Every structure is written in C-alpha cells, then in structure tokens.
Amino acid sequence: MAKLTPQESGSLITLYCADRFGGEWSNLLQAGQNGSLTITLHKTSDYEFKQPGSGYAYEAAASGQTGTTYYTLSGSTFYFYQGVKVAGSGSFLGQATKQEMADYIVKKGQLAEFKQLAKKVEIMDKSGQTQRLSDGRSGYFTIPAEMQGTWYSASNYDGETTHSKYVFGQSTNFHSRRQVRYKGNHNYPVH
C-alpha cells in the first residue's frame, strides 16, 4: 500500500471504523461529511488504552468539538476505541493495519468518499506544544516516529496531475518540498 498523508490516514480510519463498528464512529463520519474532521494527537500516558501504541493517542472529532473516538498505533497495527473520556479508556473495538482498512474500503466501493473526506481533515498536536494547523499542511508540529520519512503524493484534478514530495522529521514545517504540475494524464517522477 502506498504511504498516505496524515489527512488520508484520518479519512481511511474514519470510513473503516464507521462501517465496521458503527456507533460513535458513524456519527463522526456523518459530521465529517457535513463539515470537517480534526485528528488531534495526545500523549497516550494521559489515557488508559488496552493498546497504548507508540506514545500517541489520536482523537478523531468533528472540527471544533471534543471527540470520543480514538485510535492508537503500534508498529503497523491501529487499535480503535469509542466512548473515550479524558484520562479514561473507553471501549476497545478492534484493530487493523492500513492495508486491511484500504482493502476493506475498496471492497465496499468507498474510494471516492475516502478522497472527499481526506480534503476535510485537519491535524492538531496537543501532545506537547499545541499548534493548530490552518489547512492541515501548514505550520510546525511533532511528527510521530511511525509517520516520519519521505512521502509522495499525486493528485489529478480536471486533467492536471500534481506530484508532491513531503519530508517529515520529528519537528517539521508542513509544506510541500516540491510540487510539479502536468497537464494530461502523465506519470512523471519527482526528484
């Protein structure tokens, strides 16, 4: 599976959990479709999760609201929760890898919905220094170790393909390092 942006990961997880587990995740998906979503990073030490993951608890919420749907990440496995209260644990729902989630939404025919929702996801970091990102791609914040590295993306809108390269370190300025636009349906590498 290709690497996903943090926004795409938030979209994938929300779609998967809403369809697979329902409940509060379904409510979150509906709110995101009608508005936008915020994925907020917290320290897992502030919670009591069954699988605390690698130091971060990801709160998924309708923008401007406090969420009760969370996930953690350990290695390549995500662990899903709902009904989470501050300093609490909530209900453990299940686990999946990104590949399993991607296969699931493809099987359900939700790729268009995935792409639309990814455009509506903001990322916030409250794990240490709080800083709201205005568009999900601008500003500084701490990147979890599992998400650090070089990421590539390609978008095709109205016959124009945009290739982007992102390099994320522990504390990274979220902006595209290089972006190249092509007319037509080409597949050119970005260096």
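The model shown is predicted, which means the values in this text are computed figures rather than measured ones.

**Things to note about the overall build of the chain**
Then step 1. Helix and strand counts for the chain stand at 4 helices and 12 strands.
Then step 2. Counting over 191 residues, the chain shows a buried share of 45%.
Then step 3. For the chain, the proportion of contacts with a sequence separation of at least 24, taken over those separated by at least 6, is 49%.
Then step 4. Approximately 9700 Å² of the chain is accessible, and the part contributed by carbon and sulfur atoms is 45%.

**Notes on the nonpolar core**
Then step 1. Counting 31 residues, the largest nonpolar core has Ile13, Trp25, Tyr58, Tyr71, Phe80 and Met101 as its most contacted members.
Then step 2. With 6 residues, the single largest contributor to this core is helix 1 (residues 6–21).
Then step 3. Tyr47, Phe49, Tyr70 and Tyr81 belong to the second largest nonpolar core, which has 7 residues in total.

**Focus on the packing of aromatic side chains**
Then step 1. Within the structure shown, the criterion is met by 10 aromatic pairs.
Then step 2. Summarising the aromatic geometry, the rings of tyrosine 16 and phenylalanine 21 are spaced 6.1 Å apart at their centres and angled 85° between planes, so their arrangement reads as edge-to-face.
Then step 3. On the basis of relative accessible area, tyrosine 16 is assigned to the buried category, the value being 5%.
Then step 4. Ring centres 6.4 Å apart and planes at 35° place the aromatic pair tyrosine 79 and phenylalanine 92 in the tilted group. Highlighted residues: tyrosine 79 in strand 4 (residues 77–82) and phenylalanine 92 in strand 5 (residues 91–97), separated in sequence by 13 residues.
Then step 5. Connected via pairs of aromatic rings, a cluster forms that spans Tyr16, Phe21, Phe80 and Tyr104.

Analysis parameters
- Residues numbered from 1 in each chain as written.
- Predicted model: local features only at pLDDT ≥ 70, side-chain atom pairs only at ≥ 80, totals over all residues.
- Heavy atoms only, no water.
- Helix = DSSP H or I, 4+ residues; strand = E, 2+ residues; numbered from the N terminus.
- Buried < 20%, exposed > 50% of the residue type's maximum accessible area, 1.4 Å probe, protein only.
- Contact = heavy atoms within 4.5 Å.
- Areas by Shrake-Rupley, 256 points an atom, 1.4 Å probe, with all protein chains shown as cover.
- Core = buried A, V, L, I, M, F, W, Y, C linked by side-chain atoms within 4.5 Å.
- Phe/Tyr/Trp six-rings, centres within 6.5 Å; stacked < 30°, edge-to-face > 60°.

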